[in-house]
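Close look at the chain arrangement
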Amino acid sequence: EDAFKTSKGFLEKYKLKEDYDFLVVDFHGEITSEKNAIGHFFDGKATLVVGTHTHVPTADGRILKGGTAYQTDLGMTGPRESVLGREIEACLARFVDGMPRKCPVAENDVGMQGCMVKVNRLDGSVEAFERVEFRI
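Residues numbered from 1 in each chain as written. Predicted model: local features only at pLDDT ≥ 70, side-chain atom pairs only at ≥ 80, totals over all residues. Heavy atoms only, no water.

1. Observations regarding the pattern of salt bridges
As enumerated under the stated definition, the model contains eight salt bridges in all. The closest approach of N and O atoms between Glu127 and Lys118, which form a salt bridge, is 3.7 Å. Given the relative accessible area of 53%, Lys118 is considered exposed. Between Arg131 and Glu133 there is a salt bridge; the shortest N-O distance is 3.5 Å. Judged by its relative accessible area of 36%, Arg131 is partly exposed. For Glu133, a relative accessible area of 30% corresponds to the partly exposed category. Several salt bridges share partner residues, and in doing so they unite Arg80, Asp109, Arg131, Glu133 and Arg135 into one network. (Salt bridge = Lys/Arg side-chain N within 4 Å of Asp/Glu carboxyl O. Buried < 20%, exposed > 50% of the residue type's maximum accessible area, 1.4 Å probe, protein only.)

2. Remarks on the sheet that holds strand S6 (residues 110-119)
Spatial strand order, S5-S6-S7: three strands in an open sheet with antiparallel pairing. For this open sheet the edge positions go to strand S5 (77-79) and strand S7 (126-135), each flanked by a neighbour on one side alone. When the angles between neighbouring strand axes are averaged without regard to direction, this sheet yields 20°. Of the strand pairs in this sheet, S5 and S6 are connected by three bridges, and their pairing is antiparallel. Bridging across to S6, Gly78 finds its partner in Gly111. (Pairing = 2+ DSSP bridges. Helix = DSSP H or I, 4+ residues; strand = E, 2+ residues; numbered from the N terminus. Axes fitted to C-alpha atoms, helices over the stretch in contact; angles between N-to-C directions.)

3. Notes on the sheet that holds strand S3 (residues 62-63)
Sheet strands line up and pair through hydrogen bonds in the backbone, either parallel or antiparallel. The strand order S1-S2-S4-S3 describes an open sheet built from four strands, whose pairing is mixed. The open sheet is flanked by strand S1 (24-28) and S3, the only strands paired with a single partner. As judged from the three bridges shared by strand S2 (residues 48-52) and strand S4 (residues 69-71), these two strands associate in the parallel manner. When the sheet's bridge partners are listed, Val49 is paired in S4 with Tyr70.

Structural data, given as structure tokens:
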């Protein structure tokens, strides 16, 4: 389904602070411009809009004009010393020679990327947004 059409239908039926206290939108998409657009589409209508899927965190976390916290991509939970969580050498070889091969899951430098949002308990407004990264 079209994400914007589906979102529009949802927003016509449900309202932030009327039907729910907080709304978190996780937009699992490939294209950063589409993720950015959906953030603006939900601005003022959601508490937090984040993108996922590319496994690479973006540095654009912020609070939008309408009060919605936003980041284009949160990153991933898994091995940072990798190519999207897979062993580097196998992935490099696949790109260099173009031959299909298995790329096993990497195991080094495991961590978690994401964000923390401080929300006012009384009115649901976003007070702070911070990108976070932890190493295990």
